Amino acid sequence: MSLLNIFDIAGSGMSAQSLRLNTTSSNLANAENASSSAEQTYRARHPVFAAVMGALNGGSGLEQNASRGVQVLGIVESTTPVQSRYEPGNPQADANGYIYLPNINMVEEMANMISASRSYQSNVEVANTSKQLLLKTLTLGQ
């Protein structure tokens, strides 16, 4: 593997973790948004990732256009049921006096945010270390 491919891998990892941070922050921002029906209630969203391992292209044995890294397959909504709470005085209550709250676990979302932040930092460190190695390689002949 070429040392330059490491930048593509680290970059795709940073993009994936950035999407994960954005999705988590969206979940946290909507955690207390009440609704008058279960169908209209915000549901927690989570990104789905896949590792991409590119194959060798061409018969020469050289790696050409081999894609590696992280691919975002999509963002899925949680299937956990929304919470219903009896609050007949709430202006958003339905005819039975219930409001519906998102199915967001704040502790889980905060753990996701910390994990995504650490993963992003790790990918930045990989890119920086690779850059330093390339610079050291250029000075070998001096």
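For the structure given in this document, a descriptive report is provided here. Computed from a predicted model, the values in this text were never measured in an experiment.

**Brief notes about the overall build of the protein**
Next up, step 1: Counting its regular elements, the protein contains 2 helices and 4 strands.
Next up, step 2: Ordered by position from N to C terminus, the α and β elements of the protein give α-β-β-β-β-α.
Next up, step 3: Relative to the globule expectation of 14 Å for 142 residues, the C-alpha radius of gyration of the protein, 22 Å, shows a markedly less compact shape.
Next up, step 4: Residue pairs at least 24 apart in sequence account for 64% of intrachain contacts in the protein once pairs closer than 6 positions are excluded.
Next up, step 5: On the protein, roughly 9,100 Å² of surface is accessible, and the fraction owed to carbon and sulfur atoms is 54%.
Next up, step 6: When the 8 positive and 10 negative side-chain charges of the protein are each reduced to one mean point, those points stand 11 Å apart.

**Considerations on the packing of aromatic side chains**
Next up, step 1: Applying the stated criterion to the full structure yields 1 aromatic pair.
Next up, step 2: Both rings, one in Y86 and one in Y98, keep their centres 5.4 Å apart while their planes meet at 65 degrees; by these two values the pair is edge-to-face. Here Y98 lies in strand 4 (residues 98-101) and Y86 lies in strand 3 (residues 83-86), a separation of 12 residues in the sequence.
Next up, step 3: By relative accessible area, which is 54% here, Y86 ends up exposed.

**Remarks on helix 2 (residues 106-138)**
Since the α-helix packs 3.6 residues into each turn, any two residues three or four apart lie on the same face.
Next up, step 1: Helix length check: helix 2 (33 residues) gives 48 Å between terminal C-alpha atoms against 48 Å at 1.5 Å per residue, within 8%.
Next up, step 2: For helix 2, the set of buried residues is E109, N112, A116, N123, A127 and S130.
Next up, step 3: The inward-facing, buried residues of helix 2 contact helix 1 (5-29) and strand 1 (45-53).
Next up, step 4: Between a side-chain oxygen at the N-terminus of helix 2 and the backbone nitrogen of V107 the separation is 3.1 Å; the capping residue is N105.

**A word on helix 1**
Next up, step 1: Between its terminal C-alpha atoms helix 1 stretches 36 Å, which fits the 36 Å expected from 25 residues at 1.5 Å a residue.
Next up, step 2: Looking at the buried positions of helix 1, the neighbouring elements they touch are strand 1, strand 2 (68-77) and helix 2.

What counts, and at which threshold
- Residues numbered from 1 in each chain as written.
- Predicted model: local features only at pLDDT ≥ 70, side-chain atom pairs only at ≥ 80, totals over all residues.
- Heavy atoms only, no water.
- Helix = DSSP H or I, 4+ residues; strand = E, 2+ residues; numbered from the N terminus.
- Rg over C-alpha atoms; globule rule 2.2 N^0.38 Å.
- Contact = heavy atoms within 4.5 Å.
- Areas by Shrake-Rupley, 256 points an atom, 1.4 Å probe, with all protein chains shown as cover.
- Lys, Arg positive; Asp, Glu negative; His and termini not counted.
- Charge placed at Lys NZ, Arg CZ, Asp CG, Glu CD.
- Phe/Tyr/Trp six-rings, centres within 6.5 Å; stacked < 30°, edge-to-face > 60°.
- Buried < 20%, exposed > 50% of the residue type's maximum accessible area, 1.4 Å probe, protein only.
- Expected span 1.5 Å × (residues − 1).
- Polar contact = N/O pair within 3.5 Å; in protein donor to acceptor, adjacent residues only side chain to side chain.

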